[in-house]
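# Architecture at a glance
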Amino acid sequence: MELILRKAQENEYRAIIHLLASNDLPTADIYEKNITLFVGVNGSEIIATIGIETYGNVALLRSLCVKEGYKNQKVGEKMLSYLITLCKHENIEALYLLTTTAERYFLRHGFEKITRENTPLHIQQTREFKDICPSSAVIMCLNL
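## Points about the nonpolar core
The nonpolar side chains of a soluble globular protein tend to be buried, and buried together. If you look at the biggest cluster of nonpolar residues, it comprises 25 residues, and the most contacted ones within it are Leu61, Leu80, Leu95, Phe106 and Phe111. Mapped by element, the contributors of at least two residues to this core are β3 (45–55), β4 (58–66), α2 (75–89), β5 (94–99), α3 (103–108) and β7 (138–143). In terms of residue count, the dominant contributor to this core is α2 (six residues). Look past the residues within four positions of leucine 80 in its chain and what remains in contact with it is Ile50, Leu61, Leu64, Tyr105, Phe106, His109 and Phe111.

Structural data, given as structure tokens:
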């Protein structure tokens, strides 16, 4: 498999929405202006996606997702590494995320659990934080 990682094109958003929805991940706000999506492509098939919602020097990781049949092949790790490298290049100092299912995965990749109160105001004001993710979601941070 040859995995190509790149910024998603607008005509790929329908396929991304389908991939996210099939994995029970939120899609309601992915067209908002400060969200950038990236894809992992094998041939002409989108097999993974990850996104970032940026607010100055902090960002919210959005929906790391790998298509069935490609899981457990390090695709997710490659997507996450790509995004972290991009964040460092863009002078992002901290990357936050909310999860209800992948806490252990992100702990293995250096993220730490934090409290809702210790989350930066910009992140607290996102739709994902306020409305989309349940209040039971774990909040995690990776200092870059």
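## Details of the pattern of salt bridges
Taken as a whole and judged by the stated rule, the model has seven salt bridges. Residue aspartate 29 is joined to arginine 62 by a salt bridge in which the shortest nitrogen-to-oxygen separation is 2.7 Å. Placement of the pair is aspartate 29 in the loop between α1 (13–22) and β2 (35–42) and arginine 62 in strand β4, with a sequence separation of 33 residues. Just as aspartate 29 is buried, arginine 62 falls in that class too. Ionic contacts of the salt-bridge type, sharing partners, join the residues Asp29, Glu53 and Arg62 into one network.

## A short note on the packing of aromatic side chains
Aromatic rings in a pair are described by how distant their centres are and how their planes are angled relative to each other. Tallied over the entire structure, the rule returns four aromatic pairs. Taking 5.6 Å as the distance between ring centres and 70 degrees as the angle between the ring planes, the aromatic pair formed by phenylalanine 38 and tyrosine 82 counts as edge-to-face. Of the two residues, phenylalanine 38 sits in strand β2 while tyrosine 82 sits in helix α2, which places them 44 residues apart along the sequence. Given a relative accessible area of 5%, phenylalanine 38 falls into the buried group. You can call tyrosine 82 partly exposed: its relative accessible area is 26%.

Criteria and cut-off values
- Residues numbered from 1 in each chain as written.
- Predicted model: local features only at pLDDT ≥ 70, side-chain atom pairs only at ≥ 80, totals over all residues.
- Heavy atoms only, no water.
- Core = buried A, V, L, I, M, F, W, Y, C linked by side-chain atoms within 4.5 Å.
- Buried < 20%, exposed > 50% of the residue type's maximum accessible area, 1.4 Å probe, protein only.
- Helix = DSSP H or I, 4+ residues; strand = E, 2+ residues; numbered from the N terminus.
- Contact = heavy atoms within 4.5 Å.
- Salt bridge = Lys/Arg side-chain N within 4 Å of Asp/Glu carboxyl O.
- Phe/Tyr/Trp six-rings, centres within 6.5 Å; stacked < 30°, edge-to-face > 60°.

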